[in-house]
Amino acid sequence: SITGGYVYRGKAYPQLDGIYFVADFMSGRIWGLRAKDGRLTAERVVFHSRIPKSITSFGVGPDGELYACGFDVAYGQKGKIYQVIPAP
């Protein structure tokens with residue numbers, strides 16, 4: 001299933017500004033969608049991350065940055081919150 005997210009409006013990563021992030025619950029892939037004038041203009045996998053595969057939600061912290069909630073019992077982990085940051 002696809003987990004809907006948020007549009008990035010944080011200050012730490014200006015290159016992410018305006019991108020709407022969604023995740024695939026099973027694979028852990030995170031996509032970024034960009035729109036202009038109400039139309040989708042860009043779509044790509046932006047992260048194939050270390051975040052556990054089971055991404056259940058996104059949220060924005062008090063710092064304005066984007067976070068993902070995830071868990072993966074296969075790795076013996078309980079729920080955690082991860083900051084979404086661009087790859088180097």
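In this text, all values refer to a predicted model and were calculated from it rather than measured experimentally.

**Points about the sheet that holds strand E6 (residues 66–71)**
Move 1: Sheet architecture is open: three strands sit in the order E5-E6-E7, paired in antiparallel fashion. The sheet terminates laterally at strand E5 (54–60) and strand E7 (80–83), the two strands that pair on one side only. Geometrically, the sheet is characterised by an average inter-axis angle of 30° between neighbouring strands, direction not taken into account.
Move 2: Relative to E6, E5 runs antiparallel, the two sharing six bridges. Bridge pairing in E6 links Ser54 to Phe71.

**Re the pattern of salt bridges**
Move 1: All told, the structure shown has one salt bridge when counted by the stated rule.
Move 2: Where Arg9 meets Asp17, a salt bridge forms, and the shortest distance between an N and an O atom there is 3.7 Å.
Move 3: Arg9 gets classed as exposed once you look at its relative accessible area, which sits at 54%.

**A look at the confidence of the model for the chain**
Move 1: Averaged over the chain, the pLDDT score is 81; the fraction of residues at 70 or greater is 82%.
Move 2: Within the chain, the lowest mean pLDDT, 71, falls on strand E4 (residues 39–48), and the highest, 89, falls on E5.

**A few points about the pairing of strand E2 (residues 20–24)**
A regular strand carries its side chains on alternate faces of the sheet.
Move 1: Of all the five residues making up E2, four are buried; the element is thus mostly covered by neighbouring parts of the structure.
Move 2: Bridging between strand E1 (residues 2–3) and E2 involves two bridges; their strand directions are antiparallel. Each residue of the ladder has a partner; that of Thr3, found in E2, is Ala23.
Move 3: Bridge count between E2 and strand E3 (residues 29–36): four bridges; the pairing is antiparallel. Across the sheet, the residue bridging to Tyr20 is Leu33, located in E3.
Move 4: The loop that links E2 with its antiparallel partner E3 comprises four residues; one of these, Gly28, has a positive phi angle of about 85°.

**Focus on the side chain of Thr3**
Move 1: Within the secondary structure, Thr3 is located in strand E1.
Move 2: With a relative accessible area of 10%, Thr3 lands in the buried category.
Move 3: In this view, Thr3 contacts Val22, Ala23, Phe25, Ile55, Thr56, Ser57 and Phe58; residues no more than four positions away in its chain are not counted.

**Some words on unusual backbone geometry**
Move 1: Here the phi dihedral of Asp37 falls at roughly 55°; this positive angle occurs in a residue that is not glycine.
Move 2: Checked against the element boundaries, Asp37 lands in the loop between E3 and E4.
Move 3: Taking relative accessible area as the criterion, Asp37 reaches 74% and is therefore assigned exposed.

Definitions and cut-offs
The residue numbering used here restarts from 1 in each chain and proceeds along that chain's sequence as written. Per-residue local features of the predicted model are confined to residues with pLDDT of at least 70, and side-chain atom pairs are confined, for both listing and counting, to 80 or more; whole-chain, interface and lining totals are unaffected and use all residues. For the side-chain quantities, the full set of heavy atoms in the structure was used; hydrogens and water were omitted. By definition, two strands form a pair when at least two bridges between them are found by DSSP. Note on conventions: DSSP H or I runs of at least 4 residues are helices, E runs of at least 2 residues are strands, and numbering of each starts at the N terminus. Only the stretch in contact is used when fitting a helix axis, every axis being a line fitted to C-alpha atoms; angles between N-to-C directions are given from 0 to 180 degrees. A pair is scored as a salt bridge if a Lys or Arg side-chain nitrogen falls within 4 Å of a carboxyl oxygen belonging to Asp or Glu. Exposure is judged per residue with a 1.4 Å probe applied to protein chains only, and the accessible area is read against the type maximum: over 50% gives exposed, under 20% gives buried, and values in between give partly exposed. pLDDT expresses how confident the predictor is about each individual residue, on a scale running from 0 to 100. Note on contacts: a residue pair qualifies if any of its non-hydrogen atoms lie within 4.5 Å across the two residues.

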